[in-house]
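The chain contents come next:
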Amino acid sequence: MRFRITALVGVLALALAACSGADDTEATATIDGPTITVASFNFAESTILAEMYAQALEDAGYPVERQLDLGSREVIFPELTSGDLDLLPEYVGSALSVGFGGAPTSDLDTSLADLRAAFEAEGVQVLEPAPGEDKNVYVVTGEFAETTGVTSISDLADAGDVTLAGAPECEARETCYAGMVGEPYNLTNLAFEGIAEGAVRISALENGEVEVAALFSTQPVITEKGFVALDDDQGIVPVENIVPVVSDEIVDAYGEDLVALLNEVTALVTTEALLDLNGRVELNAEDPADVAGDFLAENGITG
Amino acid sequence: MSFWDRFVEWATTAETWTAPGDGLLALLAEHLRLAGVALLLSALIALPPAVWLAHRRRGRVVATVVANAGRAIPSLGILVLVAVLAIEQGFSTRFWPLIVALVVLGVPPIFTNAYTAITAVDPMVLEAARAQGRTERQVLREVELPLGLPLLIDGLRLAAVQIVATTALGAVVGPTGGLGRPIVRGFASLRGGGDVELVGASILVALLSLLVDRGTTLLTRVVVPPGVRRLQAG
Amino acid sequence: MLAQLVRWSWIGDNLDDIGVATVEHLQLTVLSVLLGLVVAVPLAVLVRRRRWLEGPVSGIAGVLYTVPSLAAFALLVPVLGLTSLWTPVLPLATYSLLILLRNTLTGLDSVPEQLREAADAMGYRPLRRFLEVEVPLALPAVVAGVRVATVTNVGLVTVTALLGRGGLGAFILDGIRRSIPFPTSIIVGTVGAILLAIALDLALLWLQRAIAPWQRRAAA
């Protein structure tokens, strides 16, 4: 009887222990102030960028905590605006459209201004944008480009019956499929296949199930496989410059020095750099934190 | 507009249901087709060995392992693994990754229930049947199978419900998975009004599962001989 | 063949991440089964008092069981949000409800009537009789149900990775989220989940036998 009770208590204790999670330990900081919680979306590039900022801050002595791989904006935005998260590497166009239901364009200045206004109302500041972008590109295989001679999205009109493979949500978006079969491209020969994962889309493209695939401009696989990115001649794809967004609380606490450091890192982020870093993670299976660390060291930000 | 208003608008628009290839009715058909094929394959794979082993009163270890280990295999893992295989070998991710995952899901309950059903038949009844001069095959066909039918069909019911439910997962790896497609799509566009089709498609899948569940229960009433049914009830 | 697919060095480098994911996975599984138990056991006791409840209660549990995991998570997201712990735990708990309820009922029903009468005759009050006679005898069946529910839930928790939860499902999805698929991650997630399920099953089997030593020789 006693043994049975002990066993039951043991199981309960195990369960309770399992319920308490592991605590995040903070690196030793030399600057006094609130902990800066750095977040990222659930894809590698976002994590690389977040690690860049996190490591640069740590190296300078700020107290940093990481909450990486969190998920989509649905998860992150409420926490950002409530102050649970402090720093997020964002993309101008997607942040404005998906995050605030706004209408970004291919003009950086107006889109940025709109984004700043939207975020300001939520207690978040938008810092300087990076030169690099990670935007939707619509690619075809090298062979397809050769046989049909298409170089832009408008050219697709003369390429016969073609199908675009994109993420399921792309179908209804003006920046994606909807903008191709409606204004401004008005293509009548384009069908759509919703494929959630990039790797599957690439596979469908390669074995001829679809002719066009929606990928991201900083995916190194594009050049690896000789894909051709179609020119967005009518400009449906909005600007997607990387830009860090920071909570008011942190900016107020640390002031100009913090902002200057973050902007310094941001200035290094070019599209080529992203292609290179993504390549190391995706093709060589390296760790995003290591890759970010190397990048900072090479560019003189850290040690 | 409130969620409810948007939902009603979505649900009452004809195009939501009838759009070719993407309307709810078309997706429902795809869903049933995939689930049906998977169930059939699972039964074809699981029933013959289960029945044969049970008849011979052998393979208890196999049955236990299939039951326990089978339950432990995560469908998502199989789905993605086979999808990756499909990508690397160059065949479509539309069909086989999902079917394989569903069959792995469906075989254990069918196998276990069929095995238990037949081994549970009273040995004295079997002895009597053999004493009457029946061949082994006759014993199986005329005694063991009819007596074991309720439990066997129950295994099919369990498998069917789980398969119908899990078919939706296919949408994670490709343009497949029937009603799973609007679920995945709705997830990805939550801030843009996708919550409506997310909820709608989910309700439909739940209703479908329920229908399959009750439907197979009714099937038992039709298929199982009345004498056996009385035995089970008594 | 499997050895070629797996990049063992990656596993070695990422052991701590794998560990964290396993703990998260374990947490979600344990929480959902516990919640299921907390609801199922009182419900079973209630059903035994008022037998007419058995039909409706089993019916509802059965219906909840048929709601598929992806749909259930999906339905709760607009209501509870993506970050709430209830969003994955609640559906997982309702799946376990059916089997836990059934097994608890079977367990309580299996207590021989003579034993209950003997306890009454010895002057046991109802609560004491329940705790010292009925519960111990019902426990093996309950634990058997907990075993099935736990193993099933380990597999279902992988699906929560679609919600952005960690757990071993995140490794599975990670392997296909890159431009070039990464089988090692998928295998780690899948095999990890299987191993976790088997480990929990064995632990609970040990518990089942430890709790009821007189049943040790009976089939598990």
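Residues numbered from 1 in each chain as written. Chains lettered and ligands numbered in written order. Predicted model: local features only at pLDDT ≥ 70, side-chain atom pairs only at ≥ 80, totals over all residues. Heavy atoms only, no water.

Our focus in this paragraph is the environment of Ser-94 of chain A. Residue and element names in this part refer to chain A. For Ser-94, the position within the fold is in helix α4 (residues 92-100). Through-space distance from the C-alpha of Ser-94 to that of Pro-184 is 20 Å; in sequence the pair is 90 residues apart. Sequence-distant contacts of Ser-94, defined by excluding residues within four places in its chain, comprise Arg-73, Gly-99 and Glu-240. A polar atom in the side chain of Ser-94 sits 2.8 Å from the side chain of Glu-240. (Helix = DSSP H or I, 4+ residues; strand = E, 2+ residues; numbered from the N terminus. Contact = heavy atoms within 4.5 Å. Polar contact = N/O pair within 3.5 Å; in protein donor to acceptor, adjacent residues only side chain to side chain.)

All names here are of chain A. As paired elements, strand β1 (residues 36-39) and strand β2 (residues 64-67) share 4 bridges and run parallel to each other. For Ala-39, the partnering residue across the bridge sits in β2 and is Gln-67. Read as a crossover between parallel neighbours, the route from β1 over helix α2 (residues 44-60) to β2 is right-handed. (Pairing = 2+ DSSP bridges. Right-handed = clockwise from strand over helix to strand, strands pointing away.)

Counting residues at the interface gives 33 residues for chain B and 33 residues for chain C. Between chain B and chain C, roughly 2,900 Å² of surface is buried when both sides are summed, and carbon and sulfur atoms account for 83% of that area. Counting the surface chain B buries against chain C, the share from its top three residues, Arg-71, Leu-76 and Phe-187 of chain B, is 19%. Counting every contact that joins chain B to chain C gives 0 salt bridges. Put simply, chain B and chain C have 0 residue pairs in polar contact (both at pLDDT 80 or more) between them. Put simply, the parts of the chain that give the side of chain B that touches chain C at least two residues each are α4 (60-72), α5 (75-89), α8 (136-167), α9 (180-188) and α10 (195-223) of chain B. Ranked by the residues each element gives to the side of chain B that touches chain C, the list is headed by α10 of chain B, at 10 residues. The residue makeup of the side of chain B that touches chain C, split by class, is 25 nonpolar, 5 polar and 3 charged. (Buried area = accessible area lost by both parts, 1.4 Å probe. Salt bridge = Lys/Arg side-chain N within 4 Å of Asp/Glu carboxyl O. Nonpolar A, V, L, I, M, F, W, Y, C, P; charged D, E, K, R; others polar.)

To continue, consider the pattern of salt bridges. Applying the stated criterion across every chain, the model contains 27 salt bridges over all chains. Put simply, Arg-214 of chain B and Asp-213 of chain B hold a salt bridge, and the shortest N to O gap is 3.3 Å. The partly exposed category is assigned to Arg-214 of chain B, whose relative accessible area is 44%. Taking relative accessible area as the criterion, Asp-213 of chain B reaches 6% and is therefore assigned buried. Of the charged contacts in the structure, one is a salt bridge between Glu-134 of chain C and Arg-116 of chain C, with a shortest N-O distance of 3.2 Å. Here Glu-134 of chain C, found in helix α8 (residues 126-159), pairs with Arg-116 of chain C, found in helix α7 (residues 113-121); they are 18 residues apart in sequence, far enough to count as distant. (Buried < 20%, exposed > 50% of the residue type's maximum accessible area, 1.4 Å probe, protein only.)

This paragraph deals with the confidence of the model for chain B. All names here are of chain B. Averaged over all residues, the pLDDT of chain B equals 86, while 98% of them reach at least 70. The least confident element of chain B is helix α11 (residues 226-233), whose mean pLDDT is 69; the most confident is helix α3 (residues 24-55), at 93. The ipTM value of the predicted complex is 0.83, and its pTM value is 0.83. (pLDDT = per-residue confidence, 0-100.)

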